[in-house]
Amino acid sequence: MATIVFKCPQCGGPFEFAEGDCSSLCSFCGVTSLLVGDRGVHRLIIPERVDLKAARTSLRKLLASQEEGQAFAASFSFSGGSLLFLPFWRIRGMAMGWQWCEKETFKEEIDYDENGTRYTRRVKAPNERVFSLVAKPLSFSSPAGEYTPFGMIRVGLAGDVLQCEPMDYPVAAARGSVVDPLKGIAQARQEALAMTRDSIESEGVVRKESRIRISSEWLALLYYPVWNLHFTRGDRFYPVMVDAINGEVIKCRFPGEKQHGPFLPLAMLALLVLGWTTMPLAGVAATVLVFYLLKSRLGTWDASTIIKLLAGIPERGAGVQRG
Amino acid sequence: MTAKCPQCGFRAVLLTETSYHTCSQCRAVFRVYHGQSISEQFFRHEPDESLAWGALLGFLDAEGSCTPARRGEIAFAYHPFWLADRTDGSTLFKAAVALPDSFQAPPAPPAGDLEFSQKNASLSHSVIDPQQAFPETIELKRLRLLQVPLYLISYEVAGEKYQATVSGCAWQIHANRLPQEGGMHIPWPRLTFLAVYLTALLVAGVLAPNIIWRLGALLVILLAAWALERSGFGRG
């Protein structure tokens, strides 16, 4: 946490503001000073490019493109949506330090068998110890909270290619809900360093020690926009997350259903009764016809599928799932 | 004793030894524990039981579980959780009040717009001590108390009782066990409709004097049943 030293506007005495504080009491004269704005961490926001209507359309298109088709998409009704700004830690800089590792090595030995045929065999050699200096550019982003329900893991390089604006909290809060960061910068730094350590050569390494730090660090809290849409079907409620930059559906879970029309099962029952109440031969013919219709319609002789068709129970399909 | 307000940083002289204090500058309520001020924040949420129930039904549907037969009790409340930042950078999240048996607590803090608790906010303030919540010897850098809106839902499937916790932040479902896809459930109205339809067909088929009458009667019954079904009758 950064500490900034100010002079009291009343008595000129020095007093401290810790990062994130917006008021402090002068220990000399007791006057309260207020601070507006943030210091230390850059807070940036990526403005949304997709509006609510386009986000809704994006989901409708995804549903309609599925096996179940237009009727499936139309069975869900839109009941509202809100914009969320999710904070991500963005770290750039140089990962500098050293790494010492012990590697397993092998050598090839040439030998001859009893017939005089030459062959090579791979034998373990003494472990090799390598000391290396690390200097790698670092570009890392990490969610500043638990975003699994939103289907977000990281923003990648979005902050580099998309236009960011300085965060103006009242303006952003008027457009949507600004999510508070719950994960500290210390954890994000550790993740960034762990990623750097993992990216350094690790083949055949049996033991390693390293000390890597971030130098020339540029740190920012980047707010990324996503649409949180609500869809309903009957009394069921399905939350959907849509990327407010490219309109891609990032998280949704819709169950698939195959509903057969009501006429066929009723007609098949009527046909069976007509056949068996007329004469046995007609009954047999009606039964054969019904079985043929079932096979052609369902593609299976599975008893539970046939009962579901007759009882009008929809069959579970693949559904739509993202994130 | 003096303590710093976790919201605005105002250092106030505390005149009482009570656990809760209100900042005179920003009106935020905060706890003081062993001389350290702990912020208490909550996720603003408008309670809606039908939406929570709908989210659970939608989740069960997508999971492939059976349709819950009967909705039981739904209890909405803000549940306090300790969020601790450790000196090594990691965070710990633990319930500050034990949830009723069989209800699963969220394993990680939900994401949402946090607000500092105000004096008149109706939140649950009686919590277990941080030392009790984190009995293992760990070095804590910062402690926060988060009030998470949770719906505790009981429901019944095929006579068996189940419990689920629905988080009001992102409608996430937490449950120890879910009903599995078991036998087929044909609703009673549907069974009755099919039985009546089949009986009508059989009676008409047996009583009709010849094939022409039989065909006509069965066709009329079929069309009537089809029209009824299209209107939603007998679907349960």
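Residues numbered from 1 in each chain as written. Chains lettered and ligands numbered in written order. Predicted model: local features only at pLDDT ≥ 70, side-chain atom pairs only at ≥ 80, totals over all residues. Heavy atoms only, no water.

Colleague: Describe the overall build of chain B, naming the residues involved and giving the relevant values.
Modeller: Check the secondary structure of chain B and you find 4 helices and 11 strands. Expressed as a percentage of contacts within chain B between residues at least 6 apart in sequence, the contacts between residues at least 24 apart total 65%. (Helix = DSSP H or I, 4+ residues; strand = E, 2+ residues; numbered from the N terminus. Contact = heavy atoms within 4.5 Å.)

Colleague: Just give me the short version of the overall build of chain A, but keep the residues and values in it.
Modeller: Scanning chain A from N- to C-terminus turns up 8 helices and 13 strands. When burial is assessed residue by residue, chain A has 41% of its 323 residues classed as buried. Expressed as a percentage of contacts within chain A between residues at least 6 apart in sequence, the contacts between residues at least 24 apart total 68%. For chain A, the exposed area adds up to about 17300 Å²; of that, 55% sits on carbon and sulfur atoms. (Buried < 20%, exposed > 50% of the residue type's maximum accessible area, 1.4 Å probe, protein only. Areas by Shrake-Rupley, 256 points an atom, 1.4 Å probe, with all protein chains shown as cover.)

Colleague: An account of the side chain of Asp85(B) is requested, with residue identities and associated values reported.
Modeller: Residue and element names in this part refer to chain B. Within the element layout of this structure, Asp85 appears in strand β6 (residues 70-86). Overall, the relative accessible area of 11% leaves Asp85 in the buried class. Excluding residues within four positions of it along the chain, Asp85 makes contact with Ser90, Thr91, Leu140, Lys141, Arg142 and Arg144.

Colleague: Which residues make up the confidence of the model for chain B, and what values go with them?
Modeller: Close inspection of predicted coordinates is inappropriate in any region flagged by low pLDDT. Per-residue pLDDT for chain B averages 80, and the proportion of residues at 70 or more is 86%. Model confidence for the complex: the whole-complex pTM is 0.72, and ipTM, which rates the interface, is 0.71. (pLDDT = per-residue confidence, 0-100.)

Colleague: Just give me the short version of the interface of chain A and chain B, but keep the residues and values in it.
Modeller: Facing 49 residues of chain A, the contacting portion of chain B comprises 60 residues. Carbon and sulfur atoms make up 63% of the surface buried where chain A meets chain B, a total of about 4600 Å² over both sides. Broken down residue by residue, the surface that chain A buries against chain B is led by Leu182(A), Phe237(A) and Leu266(A), which jointly contribute 16%. Along the contact surface separating chain A from chain B lie 1 salt bridge. Across the pair Arg236(A) and Asp61(B) runs a salt bridge whose closest N-O atoms are separated by 2.9 Å. Summed over the shared surface of chain A and chain B, the number is 8 residue pairs in polar contact (both at pLDDT 80 or more). Of all elements in the fold, only β3 (23-25), β9 (177-178), α5 (185-199), β10 (205-233), β11 (236-243), β12 (249-258), α6 (263-278) and α8 (303-311) of chain A reach the threshold of two or more residues within the side of chain A that touches chain B. Among the residues making up the side of chain A that touches chain B, the classes are represented as 28 nonpolar, 12 polar and 9 charged. (Buried area = accessible area lost by both parts, 1.4 Å probe. Salt bridge = Lys/Arg side-chain N within 4 Å of Asp/Glu carboxyl O. Polar contact = N/O pair within 3.5 Å; in protein donor to acceptor, adjacent residues only side chain to side chain. Nonpolar A, V, L, I, M, F, W, Y, C, P; charged D, E, K, R; others polar.)

Colleague: Tell me about the environment of Tyr155(B), and name the residues and values.
Modeller: Residues and elements named next belong to chain B. Of note, Tyr155 is situated in strand β9 (residues 140-157). On the accessibility criterion, Tyr155 (2% relative accessible area) is buried. For the pair formed by Tyr155 and Arg70, sequence separation is 85 residues and the distance between their alpha carbons is 5.8 Å.

Colleague: Give a description of the pattern of salt bridges that names residues and reports values.
Modeller: Residue and element names in this part refer to chain A. Scanning all chains against the criterion turns up 12 salt bridges over all chains. Between Glu102 and Arg129 there is a salt bridge, with the nearest N and O atoms lying 3.6 Å from each other. With Glu102 in strand β6 (residues 77-112) and Arg129 in strand β7 (residues 118-143), this residue pair connects regions lying 27 residues apart in the sequence. By relative accessible area, which is 7% here, Glu102 ends up buried. Between Asp235 and Arg236 there is a salt bridge, with the nearest N and O atoms lying 3.1 Å from each other.

Colleague: Tell me about unusual backbone geometry, and name the residues and values.
Modeller: Residues and elements named next belong to chain A. Phi at Ser216 takes a positive value of approximately 50°, unusual for a residue other than glycine. Mapped onto the fold, Ser216 is located in strand β10. We classify Ser216 as exposed; its relative accessible area is 62%.

Colleague: Give a description of helix α1 (residues 49-63) of chain B that names residues and reports values.
Modeller: Look at α1(B): 21 Å from first C-alpha to last across 15 residues, which is about the 21 Å you get at 1.5 Å a residue. The complete set of buried residues in α1(B) reads Ala52(B), Trp53(B), Gly54(B), Ala55(B), Leu56(B), Leu57(B), Gly58(B), Leu60(B) and Asp61(B). (Expected span 1.5 Å × (residues − 1).)

Colleague: An account of the pairing of β11(A) is needed here, citing residue identities and associated values.
Modeller: All names here are of chain A. Where burial is concerned, most of β11 is hidden: 7 out of the 8 residues are buried. In this structure, β10 lies alongside β11, joined through 8 bridges in antiparallel fashion. Pairing of His230 across the sheet is with Pro239, part of β11. Linking β10 back to β11 in an antiparallel pair, the connection comprises 2 residues, with Gly234 at a positive phi of about 60°. (Pairing = 2+ DSSP bridges.)

Colleague: Residues and numbers for the nonpolar core, please.
Modeller: Counting residues in hydrophobic clusters, the biggest one holds 61 residues, and the most contacted among them are Leu59(A), Tyr147(A), Phe150(A), Met152(A), Val240(A) and Phe254(A). At 12 residues, β10(A) tops the list of elements feeding residues into this core. Apart from residues lying up to four places away in sequence, Phe254(A) is in contact with Leu59(A), Leu63(A), Phe72(A), Phe76(A), Phe231(A), Tyr238(A), Val240(A), Gly319(A) and Val320(A). Formed by 18 residues, the second largest nonpolar core is a distinct cluster that contains Leu57(B), Tyr155(B), Tyr162(B) and Val166(B). (Core = buried A, V, L, I, M, F, W, Y, C linked by side-chain atoms within 4.5 Å.)

Colleague: Got a sec to walk through the environment of Leu293(A)? Specific residues and values, please.
Modeller: Residues and elements named next belong to chain A. Tracing the sequence through the fold places Leu293 in helix α7 (residues 280-298). We classify Leu293 as partly exposed; its relative accessible area is 29%. Sequence-wise, Leu293 and Leu264 are 29 residues apart; in three dimensions their C-alpha atoms are separated by 9.0 Å.

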